Structure formats: C-alpha cells, structure tokens
Amino acid sequence: GATGGGGGGDAEHVHRSGLLSANKSKRWCVLSGGKLDVFDKKADHTKPPKMSLDLRADVSKVARSDLKSFKLELHPGSRHAKAAKSAGGSASLLFSSDDNTEISKWVNDLTKVVSGLHGGH
C-alpha cells in the first residue's frame, strides 16, 4: 500500500461540517463516517437528522454544478431517489453556498468518500 495517497479505508474518516443551502433553505450538514446528515440548524446536531444519506448506498455521483453549487446524484434504488421522484423532482439533491471555496471543499471531500466507498475509480 502506498502511503500519502490514502486508500478506500480513509473514506470513513473524512469529516466536514458546515452550512449549505438545500432547496433554498440553509441547512447544517455533517459529513462523517461515510454518511451525510442534514439538520435544520447547527443546534439540532444532537437530534436525529432531518435527512441522512448513506454515501455508499444512496449516492452514485457528486457533480459540481457551478461555482457555488453541487449536486449529489442518487442511485435509482435509493429511498431518497424514490421520494424525490414522487415529488416530481429529479433523483438528485442540490446544495449551494455563497462561498465557492466552501463548495470546492465539500465537493472534494464528498467525491473522495463516494469514490472510496465505491472502490475508488
């Protein structure tokens, strides 16, 4: 195993939290242990999340939409995708921030985790 580059095992250890807009509402998002938990506000992070995405089971791809947003494309079989579809939306979740540096960091970390959990392409 090469050192420095990190393997799939690191995916579980990536940790990031911060405010992102989801559906035009500010949400406190926490990436940890291969999951993305979404809360109404930072103070709620001790409660069960409003939404919890398993990045291995639910997310197929992280796509940077533009400077200030990215979307998580969902596996068609994911319960979140089914919910999104029944609401007339597409099977993806859009997150945005006024801070494009923040978006870059989220995209990098989420991509690292998703590709790590999927066996690293």
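1. Observations regarding the pairing of strand 5 (residues 59-66)
The pairing of strand 5 with strand 6 (residues 69-74) spans six bridges and is classified as antiparallel. Paired with valine 59 across the two strands is leucine 74, which belongs to strand 6.

2. A few points about the pairing of strand 6
Side-chain positions along a regular strand alternate between the two faces of the sheet. Two successive antiparallel strands, strand 5 and strand 6, enclose a turn made up of two residues. With five bridges joining them, strand 6 and strand 7 (residues 92-96) adopt antiparallel strand pairing. Bridge pairing in strand 7 links serine 69 to serine 96.

3. Brief notes about the layout of surface pockets
Taken as a whole, the largest pocket spans an internal volume of roughly 390 Å³. As for the largest pocket, its lining consists of 18 residues, of which Ala22, Asn23, Met51, Ser92 and Leu93 are closest to the centre. Of all the secondary-structure elements, those providing two or more residues to the lining of the largest pocket are strand 2 (25-32), strand 6, helix 1 (79-86) and strand 7. Classifying every residue of the lining of the largest pocket by side-chain character gives nine nonpolar, six polar and three charged.

4. Observations regarding unusual backbone geometry
Backbone geometry at asparagine 23 places phi at a positive 50°, although glycine is not the residue there. Tracing the backbone through its elements, the reader meets asparagine 23 in the loop between strand 1 (16-22) and strand 2. The residue lysine 24 is not glycine, and still its phi comes out positive at about 65°. Relative to the assigned elements, lysine 24 resides in the loop between strand 1 and strand 2.

5. Digging into the pattern of salt bridges
Scanning the entire structure with this criterion turns up eight salt bridges. The residue lysine 61 makes a salt bridge to glutamate 73 at a minimum N-O spacing of 3.9 Å. One end of the pair, lysine 61, is in strand 5; the other, glutamate 73, is in strand 6, with twelve residues separating them in the sequence. We classify lysine 61 as partly exposed; its relative accessible area is 43%. Exposure remark for glutamate 73: the relative accessible area of 24% places this residue in the partly exposed category. A network of salt bridges, in which partner residues are shared, links Arg16, Asp109 and Lys112.

6. Remarks on the packing of aromatic side chains
This structure, assessed with the given rule, holds one aromatic pair. Between phenylalanine 70 and phenylalanine 95 the ring centres are 5.5 Å apart and the planes differ by 20°, which places this aromatic pair in the stacked class. With phenylalanine 70 in strand 6 and phenylalanine 95 in strand 7, this pair connects stretches of sequence that are 25 residues apart. With respect to class, phenylalanine 70 is no different from phenylalanine 95; both count as buried.

Thresholds applied
Residue numbers run consecutively from 1 along every chain, following the written order of its sequence. Owing to the predicted nature of the model, reporting of local features is limited to residues with pLDDT of at least 70; listing and counting of side-chain atom pairs is limited to 80 or more, with chain, interface and lining totals taken over all residues. Excluding hydrogens and water, the side-chain figures rest on all heavy atoms present in the structure. The pairing criterion for strands is at least two bridges between them, as found by DSSP. The way it works is that DSSP assigns letters per residue, a run of H or I at least four long becomes a helix, a run of E at least two long becomes a strand, and they are numbered from the N terminus. Method remark: on a 1 Å grid restricted to protein atoms, a set of points is classed as a cavity if a 1.4 Å probe fits but cannot get out and as a pocket if it is open with protein on both sides within 12 Å along at least five of seven lines; lining residues have an atom within 4 Å of a point. Grid points are joined across faces, edges and corners, and a volume is the space filled by probe spheres set on the points. Each residue gets one label: Ala, Val, Leu, Ile, Met, Phe, Trp, Tyr, Cys and Pro are nonpolar, Asp, Glu, Lys and Arg are charged, and the others, such as Gly, are polar. Any carboxyl oxygen of Asp or Glu that lies within 4 Å of a side-chain nitrogen of Lys or Arg is treated as forming a salt bridge with it. Type-normalised accessible area, obtained with a 1.4 Å probe on protein chains alone, sets the label of each residue: buried when under 20%, exposed when over 50%, and partly exposed for intermediate values. For Phe, Tyr and Trp, rings pair up if their centres lie within 6.5 Å, where Trp contributes its six-membered ring, and each pair is then called stacked (planes under 30 degrees apart), edge-to-face (over 60) or tilted (otherwise).

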